[in-house]
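Read off the chains here:
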Amino acid sequence: MTYYLGIDAGGSHCRSRLVDAQGAVLGMGETGPANARIGMDKLYEVLLEVTRQATDAAGLTDADLASVHAGFGIAGISRPGIRDTIQQLDFPFASEIFETDGVIANLGAHRGCDGATLILGTGSVAQIRVNGIDFAIGGYGFPISDEGSGAALGLSAVRHALRALDGRSARTALGLAVADRFGQSVPKAIEWMDRAVPRDYAAIAPLVMEFAETGDSVARSIVEDAAQHVERFIETIFERGAPRCALVGGIGPRMKNWLRARTVEKLCDPKGDPLDGALQLAGFKHPTAA
């Protein structure tokens with residue numbers, strides 16, 4: 001038997017899917033964050049755990065792992081030295097291929113054909129394939145990049161809450177709700193900030209979207225600013241030659257409602273998800289691939 005394992009390792013969670021040569025799903029898994037920021041030892045541990053969940057669900061033994069071809073999409077793998085270090089890790093598979101989470105998202109969205117994917121999750125990045133060549137726009141990391149992302153929305157909300165607490169801006173419902181997370185205390189907010197990571201800021205994003213959708217003036221301004229960054233992302237994607245673009249990620253569907261109609265008209269629905277892309281990376285050939 002030949003098996004294919006796809007793993008999507010991102011800033012907020014890590015997921016796996018195991019299929020046979022016909023594409024039947026045999027097992028799945030999910031754990032916490034698995035990007036390059038968590039450290040190589042921890043990353044290796046999480047990747048093995050999410051693999052074990054899928055293979056256990058499929059009833060595979062350790063000996064069966066030698067028949068598994070694995071494709072990994074890992075956030076942050078493009079940082080200097082990370083890919084080389086990961087490739088030196090000891091995995092039990094027949095083969096392993098490593099790419100960024102953006103590459104597998106784009107592969108899955110367009111079944112490996114030319115196209116682009118704008119990923120709006122914890123972070124943000126545009127992944128593009130033109131004439132079979134892959135490249136990215138943005139995605140340099142929080143806080144210097146990740147415009148329009150969940151982490152960026154959360155950061156703006158925390159800034160507003162702190163300004164509202166010391167009287168520099170109006171105390172809208174959003175600011176009060178965010179400040180409540182810190183007991184309306186600036187010192188507690190600073191203490192939280194000292195240890196906060198991107199996913200902690202991204203956890204506030206649904207609150208921002210909720211208040212924006214119900215008319216909170218500050219929440220609306222935050223989301224409208226993020227939407228402008230998303231608009232420019234999409235414009236650049238087509239300027240760079242992409243024939244189509246899909247908007248994906250946890251923030252993507254809700255952000256779509258804040259884009260101009262002419263921008264939304266340019267977008268297409270993804271044909272598959274990042275795990276489909278990871279499986280393609282591993283060597284699985286989808287029967288409906290163009």
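Overview of the structure.

The rules behind these values
- In every chain, residue numbers begin from 1 and rise along the written sequence.
- Whole-chain, interface and lining totals are the exception, using all residues; otherwise, since this is a predicted model, local features are given only for residues with pLDDT of at least 70 and side-chain atom pairs are given and counted only at 80 or more.
- Excluding hydrogens and water, the side-chain values take into account all heavy atoms of the structure.
- In this analysis, the protein atoms alone were mapped onto a 1 Å grid. Cavities are point sets where a 1.4 Å probe fits without being able to get out; pockets are open sets with protein on both sides within 12 Å along at least five of seven lines; lining residues have an atom within 4 Å of a point.
- Grid points are joined across faces, edges and corners, and a volume is the space filled by probe spheres set on the points.
- Gly is placed with the polar residues, together with every amino acid not listed as nonpolar (Ala, Val, Leu, Ile, Met, Phe, Trp, Tyr, Cys and Pro) or charged (Asp, Glu, Lys and Arg).
- The helix and strand labels rest on DSSP assignments: H or I over at least four residues marks a helix, E over at least two residues marks a strand, and numbering proceeds from the N terminus.
- Working rule for contacts: check all heavy atoms of both residues, and any pair within 4.5 Å makes them a contact.
- Think of each axis as a best-fit line through the C-alpha atoms, taken over the contacting stretch in the case of a helix, with angles from 0 to 180 degrees between the N-to-C directions.
- Roughly parallel here means an angle under 35 degrees, roughly antiparallel means over 145, roughly perpendicular means 65 to 115, and every remaining angle is called oblique.
- Paired strands are those between which DSSP finds at least two bridges.

1. Let's talk about empty space enclosed by the protein
Step number 1: Overall, the coordinates contain one cavity of 30 Å³ or more when judged by the stated rule.
Step number 2: Taken as a whole, the largest cavity spans an internal volume of roughly 30 Å³.
Step number 3: Lining of the largest cavity is provided by A161, A164, L165, R171, T172, G175, L176, A179 and Q184.
Step number 4: The residue makeup of the lining of the largest cavity, split by class, is five nonpolar, three polar and one charged.

2. Considering the side chain of T51
Step number 1: You can see T51 is positioned in helix 1 (residues 40-58).
Step number 2: Apart from residues lying up to four places away in sequence, T51 is in contact with L5, I7 and F93.

3. Let's talk about the layout of surface pockets
Step number 1: Approximately 1100 Å³ is the volume found for the largest pocket.
Step number 2: Along the walls of the largest pocket sit 47 residues, with G11, A75, D101, T122 and G123 positioned nearest its centre.
Step number 3: Going through the elements one at a time, helix 3 (101-110), strand 6 (115-120), strand 7 (124-130) and helix 7 (198-202) are the ones with two or more residues in the lining of the largest pocket.
Step number 4: For the lining of the largest pocket, the class distribution of residues is 19 nonpolar, 20 polar and eight charged.
Step number 5: Counted as a void, the second largest pocket has a volume near 200 Å³.
Step number 6: Lining the second largest pocket are 15 residues, and of these E147, A152, L155, S156 and D225 lie nearest its centre.
Step number 7: For the lining of the second largest pocket, the secondary-structure elements that each account for two or more residues are helix 4 (150-165) and helix 9 (217-239).
Step number 8: By residue number, the principal contributor to the lining of the second largest pocket is helix 4, which donates five residues.
Step number 9: Per-class residue counts for the lining of the second largest pocket are seven nonpolar, four polar and four charged.

4. So, the packing of helix 4 against helix 8 (residues 205-213)
Step number 1: Where helix 4 contacts helix 8, the axes come no closer than 8 Å and their chain directions differ by 70 degrees. The angle between helix 4 and helix 8 places the two elements in the roughly perpendicular class. Residues G150, L153 and A157 of helix 4 pack against A205, V208 and M209 of helix 8.
Step number 2: A class-by-class count of the residues in the contact of helix 4 with helix 8 yields five nonpolar, one polar and no charged.

5. Let's talk about the sheet that holds strand 10 (residues 267-268)
Step number 1: The strand order across the open sheet formed by five strands is 8-7-6-9-10, and the pairing between neighbours is mixed. Edge positions in the open sheet fall to strand 8 (133-137) and strand 10, since each of these has one partner strand only.
Step number 2: Of the strand pairs in this sheet, strand 7 and strand 8 are connected by five bridges, and their pairing is antiparallel. If you follow A126 over to strand 8, its bridge partner there is I137.
Step number 3: Strands in contact with helix 3 are strand 6, strand 7, strand 9 (245-248) and strand 10; relative to strand 6, the strand with the most contacts, it is inclined by about 125 degrees.
Step number 4: Strand contacts of helix 9: strand 6, strand 7, strand 8, strand 9 and strand 10, with the helix running at about 165 degrees to strand 6, the strand carrying the most contacts.

Structural measurements only, silent on function.
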